[in-house]
Amino acid sequence: TGCSTWTWSMLLKKLKMDSCSVFCVSGYQQANVIILPKHLANDFEAFCRRNPAPLQLLYRGQSGETSCLPLARHADIRYSGNCGRIHQQAVHRSHQWSSDMVCFYLGCSFGFEGSLKTAGVPVRNVEQGRNVSMYRTAVPCIPSGAFSCPLVVTMRPVPAAMLDAAVEVTSLNPMAHGAPVHIGEPALLGIQDLSRPDYGEQVELQPGDVTVFWACGVTAIEAILSSKPPLAFSHSPGCMFLTDIPDSSSSPLTPESTNTPLASHRAVARIRELEMTIGDDPGQRGIRVLFTQDELLRSCLALSHSFSVAITTGFPTHYMHSPPDETDGPPGAIAMATMLLSLGKQVTMVTDRRALEMNQAIIDEAVETGVLKHAIPLVTFEDSGPDSALHFLCHHGDPTKPRYDHLVAIERSGRAADGNYYNMRGVNIKHLVDPIDNLFIAAKGIPGIITTGIGDGGNELGMGKLKEKVKNLMPNGNLIACDVPADYAITAGVSNWGGYAVACGLYLLHTCPSHQRYLKKGLGEEPTTRQEQLQDCTANLPSVDKEESFLSTLVRFGIRSGKTGHLAMEVDGLTFHPTHSDMITRLLEATQGSTSQNH
C-alpha cells in the first residue's frame, strides 16, 4: 500500500465489532488473529506452545510486520478485515502501527468444515445458517507469563454413526485444531447449558446427534481479557482471516495411524489383542462363552480418565479353612493399583472386615518387597442403613460430590438373585462376605461413577451384566450367577489375568499420543522424547518376578489355590510356572513390543 504508518483510529474503523457476519470459505485454512504489544509477544507465543490444540500457531509476525507471506502472499493485516475487537484498558491519544505491535495468526476449525462435508459428515451450523457455538469451559489452559485463561471449545453436533469419520477427517488437519478434545457429556467440561453459548450462536442437535467439542482459537480472546494488556486487537469470533493454504495441505496419515474418538487404531488393536489373550481357558471352565468384545478397552478408557479408584477383591471359597480366601484376585488387584498409582490416580482398596488385618499386613509386605511403591489405603464397608452406600461413595452423602469415579471388582464374591453368595460348587458363603455389592448398586444412581467387574466364572461381582449367559451356559449358572451388574464386565481364563490386562491397557493408553491429547484436552507441550512418557510407567507393569513374589506372600499368609485348595504356588489349580508366568510374558510382549509404534 505504500503506507509507512497506520493509526489505531484508522484501524479501529476497519475492525468494527458490531457489524460482523460469519464467513467460512470452504477449501482454505482460516486463521484467528491476535495483535499484541511487543513486550507481551514472547509470553503469548509460549502460551500458544503450551496449549497447542486451541492455539495452533500458524505464524508470528515480526514487530511492526503487517504481512504474513507464509499464509497469504498479498495480505496486509491493516486492510484484511472489517470485523474485529479492540481490547483497550486506557484512552490513548496516538497509536500508530509501529515496531510496538506483533501479529499472531492461529488455526481455526472453519478450516476443516469443507473436509467434513466432503466425507459426508453434516455440518449443522452451516446447515442452519448459524455461527458455530463456542463455550467457555472449566478446563484451565497451561499458563505462561501474563497469560492464563479457561479453554474455549466449539461444539458441532455429529451423528453417532459418523463419529469415527469426523475424528479421522479433523485429525488430518492439525492446523485447524485437529481431532476433538471431548465427545459427549458437556457437563464434564463445565458447560451447563448448551442453549447459551458464550460466543457464536446456538446450533440445534438433530435426533441421533452426539455433542462433539473441538478446541477453539477464541481461547486467545479469553487470554487477552484475563491478562488486560493496555491495548490489543483480535478477530471477532466467527470472522476469520482467510489464507491461501488449502485445507487438505497437511500431510495425510496412514490408515493405521488415524484415530478413533479416544485412541489410535494401533493402541485399540493392541488392547483387543490383550483381551483375546486373557480369554485362554487352560482350566477348561468354558469362560469364552461369556466373552464380550471391547469390555477391556472401554474399562481402560474410563480408568484412564479417572481421578479416584476403589478396588475390591476377595472370594472366600475355602469356607472350611482359615483364612478362606483364594490366590485369584489379590495379585490382579495389586497390579491394577500399581499402574493406576504410577499414572497419578488415587487408589483405595475395599475389603471385608474379617480380612482387614490380614490384607493390611499383605499390603505392608508388598511395599517392603517392592511390589508396591507405597501403601494403599485399606477400608471396609458396613451396611448400617439405607444411605450407607451413598455416604461411603460420596462426601457427606451428596451425590454431586463422589469420593470415587470408578469402582473395580476383581474376583470378588457376587450376590446371586436370591441374596446369597455362592462358590462355583454352589456352596453358600454369605456369612463370610460383606455387602460391598451395595456400592455397585448405589453407583448406578450417582452421576460420574463408573463400575468394572472382572471374573472367570460368572459368580463374581459385576458379572450381573452377563447373567443370562451365565445362567444358560455355565455350570450351576441358575444358582450361582451374580445378579449385580457393572458397566463393564471383563472375562478371563483366570481373573488375575484380567487385572494384568487392565494394567497393560492403561500403559498402552498412556503411551498413545492420540489418547493423551484427548485426555489433556490438547493442552500441555508434547514430551521432548518418547522416553519421557515411558520411564516411570514401564517399571510399574506386571512382571514375572513381581507376581511370583506377591504370590509367595499370599501363600505365606495361608491363602490357597481356588480350585484345588492347595497351599502352593498356584492359582485356580494352575501352577505359577509355566502357566501364569507364560501369560504374563505374553501380555508384556503384546504391550511393550508395540510401544515404539503406538501412535
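Residues numbered from 1 in each chain as written. Predicted model: local features only at pLDDT ≥ 70, side-chain atom pairs only at ≥ 80, totals over all residues. Heavy atoms only, no water.

Per an unreviewed UniProt entry, the recorded name for the protein is D-glutamate cyclase, and the organism is Scophthalmus maximus. Note on the protein: under the UniProt heading Sequence similarities (unreviewed entry), the record states "Belongs to the D-glutamate cyclase family." (UniProt positions renumbered as here; feature names shortened; annotations may be inferred.)

Q: Tell me about the pattern of salt bridges, residues and numbers included.
A: Counted by the stated rule, this structure contains 24 salt bridges. Among the ionic pairs, Glu127 bridges to Arg124, the shortest N-O distance being 3.1 Å. One end of the pair is Glu127 and the other is Arg124, both in helix α4 (residues 124–127) and three residues apart, which spans about a single turn. For Arg124, a relative accessible area of 11% puts it in the buried group. When the shortest N-O distance is used, the salt bridge between Glu222 and Arg136 registers 3.0 Å. Linking Glu222 in helix α6 (residues 219–227) with Arg136 in strand β5 (residues 133–140), this pair joins segments that are 86 residues apart in sequence. Taking relative accessible area as the criterion, Arg136 reaches 36% and is therefore assigned partly exposed. Three or more residues are tied together by salt bridges with common partners; here these are Asp325, Asp352, Arg354 and Arg412. (Salt bridge = Lys/Arg side-chain N within 4 Å of Asp/Glu carboxyl O. Helix = DSSP H or I, 4+ residues; strand = E, 2+ residues; numbered from the N terminus. Buried < 20%, exposed > 50% of the residue type's maximum accessible area, 1.4 Å probe, protein only.)

Q: A description of helix α5 (residues 163–171) should follow, citing residues and the corresponding values.
A: Residues of α5 that are buried: Leu163, Ala166, Val167, Val169, Thr170 and Ser171. Its buried side turned inward, α5 meets α3 (110–118), β6 (150–159), β7 (182–183) and β8 (209–215). (Contact = heavy atoms within 4.5 Å.)

Q: Tell me about the state of the cysteines, and please be specific about residues and values.
A: Scanning all chains against the criterion turns up zero disulfides. Here Cys108 stays unpaired: no disulfide links it, and the sulfur of Cys216, its closest cysteine neighbor, is 7.1 Å away. Cysteine Cys149 remains unbridged, with the sulfur of Cys141 as its closest cysteine sulfur at 4.3 Å. By relative accessible area, which is 8% here, Cys149 ends up buried. (Disulfide = S-S within 2.5 Å.)

Q: An account of the sheet that holds β8 is requested, with residue identities and associated values reported.
A: The strand order across the open sheet built from four strands is β5-β6-β8-β7, with neighbouring strands paired in antiparallel fashion. On the outer flanks of this sheet lie β5 and β7, each paired with one strand and no other. Relative to β8, β6 runs antiparallel, the two sharing seven bridges. Note that in β8 the partner of Val158 across the bridge is Val210. Those strands touched by α5 are β6, β7 and β8, and its axis lies near 15° from that of β8. Along the sheet face, α6 touches β5 and β6 and points at about 155° away from the line of β6. (Pairing = 2+ DSSP bridges. Axes fitted to C-alpha atoms, helices over the stretch in contact; angles between N-to-C directions.)

Q: Please set out the nonpolar core residue by residue, giving values where relevant.
A: If you look at the biggest cluster of nonpolar residues, it comprises 62 residues, and the most contacted ones within it are Leu274, Leu296, Ile311 and Val502. The element that contributes the greatest number of residues to this core is helix α15 (residues 495–510), accounting for 10 residues. Here Val502 is in contact with Leu296, Cys300, Leu303, Met336, Ile454 and Ile490, once residues within four sequence places are set aside. Counting residues in each nonpolar core, the second largest holds 31 residues, with Ala41, Cys48, Val102 and Phe104 among its members. (Core = buried A, V, L, I, M, F, W, Y, C linked by side-chain atoms within 4.5 Å.)

Q: Pulling in residues and values, what's your account of the sheet that holds strand β16 (residues 488–491)?
A: The parallel open sheet is built from six strands, whose spatial order is β13-β12-β11-β14-β15-β16. In this open sheet, the two strands that pair with only one neighbour each are β13 (378–380) and β16. Mean inter-strand twist for the sheet, computed between neighbouring axes without regard to direction, equals 25°. Examined bridge by bridge, strand β11 (residues 308–314) and strand β14 (residues 406–412) share six bridges and lie parallel to one another. Residue pairing for β14: Ala310 is matched across the bridge by Leu407.

Q: Lay out unusual backbone geometry with the relevant residues and their values.
A: The step from Ser322 to Pro323 runs through a cis peptide bond, and the omega angle for that step is 0°. Cis geometry is adopted by the peptide bond preceding Pro578, which originates at His577 and carries an omega value of 5°. Looking at the element boundaries, Pro578 is found in helix α19 (residues 576–592). Phi is positive for Lys228, close to 55°, though the residue is something other than glycine. For Lys228, the position within the fold is in the loop between α6 and β9 (231–235).

Q: Can you tell me about the layout of surface pockets, naming the residues and giving the values?
A: Taken as a whole, the largest pocket encloses approximately 1,600 Å³ of empty space. If you go around the largest pocket, you meet 42 residues; those closest to its centre are Leu188, Leu301, Ala302, His305 and Ser306. Secondary structure elements with two or more residues in the lining of the largest pocket: β7, α7 (265–277), α8 (295–304), α15 and α16 (513–519). Broken down by element, the residue count for the lining of the largest pocket peaks at five residues, all from α8. Of the residues belonging to the lining of the largest pocket, the class tally is 22 nonpolar, 12 polar and eight charged. (1 Å grid on protein atoms, 1.4 Å probe; cavity = no way out; pocket = protein on both sides within 12 Å on 5 of 7 lines; lining within 4 Å. Points joined across faces, edges and corners; volume = space filled by probe spheres on them. Nonpolar A, V, L, I, M, F, W, Y, C, P; charged D, E, K, R; others polar.)

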